[in-house]
Amino acid sequence: MGSIPDPGDEFAESTHPPPQPSFDEFQRTASLMTSCTLLWKELSDHFSSLEQDLKNKSDALNHKLQTLDAQTKQSLQVLEHREDTINAAVSVALQKVKEQKEAALNDAVVFGEVDNDEGLLLKLRRFCLKMDSEGFWRFVAERKKELDSIRAQMSAALADCVDPARFVLEAISEVFPVDKRGDKSNDLGWACVLILESLIPSVVDPIMGGSRLLVTPRMRERAKEIAETWKRSLDERGGIENVKTPDVHTFLQHLVSFGIVRKEDVELYRKLVVASAWRKQMPKLALSLGLGDKMPDMIEELISRGQQVDAVHFTYEVGLEDKFPPVPLLKAFLKDAKKAATSILEDPNNSGRAAQLASRKEQSALRAVIKCIEEYKLEAEFPPESLKKRLEQLERTKVEKKRPAAAPANKRTRANNGGPMPPAKAGRSTNAYVSSFPAAPTYVRSPSHTQYPMGVPSYPSSPVMYGSRSPPTHPYAYSPESAPPTFAVSYPVAQVNYSPYGGYGNGVAPAYQHAYY
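Residues numbered from 1 in each chain as written. Predicted model: local features only at pLDDT ≥ 70, side-chain atom pairs only at ≥ 80, totals over all residues. Heavy atoms only, no water.

A word on the overall build of the chain
The condition is simple: Per the convention used, a helix needs a DSSP run of H or I reaching at least four residues, while a strand needs a run of E reaching at least two, with both numbered from the N terminus. Residue burial is assigned from relative accessible area. The probe radius is 1.4 Å, only protein chains are included, and a residue is buried under 20% of its type maximum, exposed over 50%, and partly exposed in between. The contact definition used throughout considers only heavy atoms, calling two residues in contact when any of these lie within 4.5 Å. Note on areas: Shrake-Rupley, 1.4 Å probe, and residue coverage restricted to the protein chains presented here.
Each helix and strand in the chain was counted, giving 16 helices and four strands. Expressed as a percentage of its 517 residues, the buried residues of the chain come to 38%. Sequence-distant contacts in the chain: of pairs separated by 6 or more residues, those separated by 24 or more amount to 73%. Per element, the accessible surface of the chain, about 30,700 Å² overall, is 55% carbon and sulfur.

Here it is, written out as structure tokens:
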């Protein structure tokens, strides 16, 4: 039989108090509550972030939809406007055909050659009406001396072409994109640029303006192929640094005239413009090529390269005169030029015409700065009187150098000691001048003038390019801060006195001699 539990034991168990929770358990509970709180906060922040992201994306999407609606509306308005202008464009085209017909009839009855601008226009129109691009090219290329007159008449002549874009591409195809001539000594880049510039008025829509060019899709694609061919030829020519400036100018004008500028090639355009920045048309071309936002960086690059005058032209083209004040730039240009002229004189390796070359560089820079001051009306900030005075002084000195010395016709100066020599064979004939130098070797000056050293070889001056506003070579100029009434650059050579026979009384012979009598 099982034992019966004692009722007293049950009573004792029921009256015994429950055990109290320990401190460790309390800490565990508190830690759990803290973890839950942090997790809840983290989740709350996460969902708040998601909600904000969704809201931002929703707002951005709504903004894009609104922009798209506005662009669609604008595009529809443009299309409607173009549709409305079709009739007007057709009327203009019919009027143009009528004028061309009348011009052709008038041209048919013209028998004589006219030498004025009207005759020049008739000649150009004759080529355009016949679409004789080859004859047109030869006619223009042979008349560089009539550049201004041709420029004034060419746009009107090209308007008579049946397809002006095709006519221009065929006309310049002999030298662009690749020069196919056997003799490339005669640069014809000026003719290409002139024709491409004159094309623009002929292809601009008479109603829509420059926003629509009247170039057929076939001619536009052909123009794009020509541009790609020119770009591929850069490597064959040795890169951008070795490409001639007329070729660069022709390429950039080609892009603008046919409206085939590519955003992918903006960096290439920037490098080409900076490399040919001294060209007069480059600031405007840069804007037409979409380089407006890069102009500040381009101006700073020009300044760092010592092309301050070119930087001033770019500055005024985009209206950044406050950011790049022109007067300090011009003064820095003159200061650098003075140092360059001095270095020519002080170089011990130079011999011959050091003073002449230094003076030439200084004159070139002075003219560029004076022209810049007058063009942008900077006389109040930078008076040009001292610069003009210095320029006149240099020009007067140049004239004095060219005056021949008074000496008997049957004697010449011996190069070693200044003694007389028998007449040379060249002296027996008229105009006996056998030197390659353009200036006379004998100089007559007042004793107050200082004799210049003659000790440098001929300086490789760059050819004069059309449309330039500043020297194509590295700038040389004159600093107005040190503009005394005499020469700004001192030439440390003792004065010399001349003998009656053209020899040097002090025994110093000139550095080069001419058989000149």
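More follows now that the structure is in view.
Quick look at the packing of helix α9 (residues 245–258) against helix α10 (residues 266–275)
Short version of the rule: The axes are straight lines fitted to the C-alpha atoms, using for helices just the contacting stretch, and the angles between their N-to-C directions are given from 0 to 180°. In what follows, roughly perpendicular refers to angles from 65 to 115 degrees, roughly parallel to angles under 35, roughly antiparallel to angles over 145, and oblique to any angle outside these ranges. By definition, turning the near helix anticlockwise from the far helix through less than a right angle yields a left-handed crossing, and turning it clockwise yields a right-handed one. All amino acids are sorted into three groups, where Ala, Val, Leu, Ile, Met, Phe, Trp, Tyr, Cys and Pro are nonpolar, Asp, Glu, Lys and Arg are charged, and the leftover types, Gly among them, are polar.
For the pair α9 and α10, the least separation of the axes is 10 Å and the interaxial angle reads 135 degrees. In terms of orientation, α9 lies oblique with respect to α10. Viewed along their axes, α9 and α10 form a crossing whose handedness is left-handed. Of the residues in α10, those touching α9 at V248, F251, L252 and L255 are Y269, L272 and V273. A breakdown of the residues in the contact of α9 with α10 according to their chemical character gives seven nonpolar, no polar and no charged.

Let's talk about helix α12 (residues 295–304)
Condition: The directions from the helix axis to the C-beta atoms are what the arc is built from.
Here α12 has its buried residues at M295, P296, M298, I299 and L302. Seen from one end, α12 has its buried residues packed into an arc of 160 degrees, which puts them on one side. Structural note: α12 exposes D297 and S304 on the side pointing more than 90 degrees away from its buried face. Residues of α12 that are buried sit in contact with α10, α11 (282–288) and α13 (308–318).

Details of the packing of aromatic side chains
Quick note on the threshold: Pairing of aromatic side chains here covers Phe, Tyr and the six-membered ring of Trp, requires ring centres within 6.5 Å, and sorts the geometry by plane angle: under 30 degrees stacked, over 60 edge-to-face, intermediate tilted. We call a charge positioned above a ring when the Lys NZ or Arg CZ atom is no farther than 6 Å from the ring centre and deviates by at most 35 degrees from the ring normal.
All chains considered together, the criterion is met by four aromatic pairs. Ring centres of F127 and F139 lie 5.5 Å apart, and the angle between their planes is 45 degrees; this geometry places the pair in the tilted category. With a gap of 12 residues between them, F127 in helix α3 (residues 117–129) and F139 in helix α4 (residues 133–141) connect regions that are remote in the sequence. Given a relative accessible area of 8%, F139 falls into the buried group. With a centroid separation of 5.0 Å and an interplanar angle of 65 degrees, the aromatic rings of F136 and F167 are classed as edge-to-face. Highlighted residues: F136 in helix α4 and F167 in helix α6 (residues 164–171), separated in sequence by 31 residues. Per residue, the accessibility class of F136 equals that of F167, and both read buried. Across the ring face of F382, the terminal group of K331 is positioned such that the distance to the ring centre comes to 5.5 Å.

Considering the packing of α3 against helix α5 (residues 147–158)
Orientation of α3 relative to α5, taken along the N-to-C sense of each, is 40 degrees, at an axis distance of 9 Å. Taken together, the axes of α3 and α5 lie oblique to each other. Crossing of α3 over α5 shows right-handed handedness. The segment α3 lies against α5, with D117, L120, L121, L124, R125 and C128 engaging S149, I150, Q153, M154, A156, A157 and L158. By residue class, the composition of the contact of α3 with α5 is nine nonpolar, two polar and two charged.

Examining the environment of A354
Along the chain, the position of A354 falls in helix α15 (residues 354–375). By relative accessible area, A354 is classed as buried at 3%. Along the primary structure A354 and S343 are separated by 11 residues, whereas in three dimensions their C-alpha atoms are 9.7 Å apart.

Topic: the environment of R151
Mapped onto the elements of the fold, R151 is located in helix α5. Overall, the relative accessible area of 34% leaves R151 in the partly exposed class. Once you skip the residues sitting within four places of it in the chain, R151 turns out to touch L194 and E197.

Description of the nonpolar core
Side chains of a nonpolar character, in soluble globular proteins, are inclined to be buried together. Note the following rule: Only buried Ala, Val, Leu, Ile, Met, Phe, Trp, Tyr and Cys residues count toward a nonpolar core, and they belong to the same one when joined by side-chain atoms within 4.5 Å.
One finds F136, W137, L252 and F314 to be the most contacted residues of the largest nonpolar core, which totals 89 residues. It is helix α7 (residues 189–203) that provides the largest number of residues to this core, a total of eight residues. Excluding residues within four positions of it along the chain, F314 makes contact with V273, A277, M282, P283, A286, M295, M298, I299 and L302. Counting six residues, the second largest nonpolar core, distinct from the first, contains I344, A354, A355 and A358.

Re unusual backbone geometry
Trans is the common state for peptide bonds, and a negative phi is the common state for residues other than glycine. The residue after F176, namely P177, is reached through a cis peptide bond having omega 10 degrees. Within the fold, P177 resides in the loop between α6 and α7. Despite not being glycine, M131 shows a phi value in the positive range, around 55 degrees. Given a relative accessible area of 23%, M131 falls into the partly exposed group.

Examining a nonpolar patch on the surface
Rule in force here: Patches here are clusters of residues that have more than 30% relative accessible area and form no salt bridge, with a 9 Å joining cutoff for like charges and a 5 Å cutoff for nonpolar side chains (Val, Leu, Ile, Met, Phe, Trp, Tyr). For this document, the term salt bridge refers to a Lys or Arg side-chain nitrogen within 4 Å of an Asp or Glu carboxyl oxygen.
Together, L39, L43, F47 and L50 make up a nonpolar patch on the protein surface, roughly 370 Å² of accessible area in all. Its location among the elements puts L39 in helix α2 (residues 23–108).

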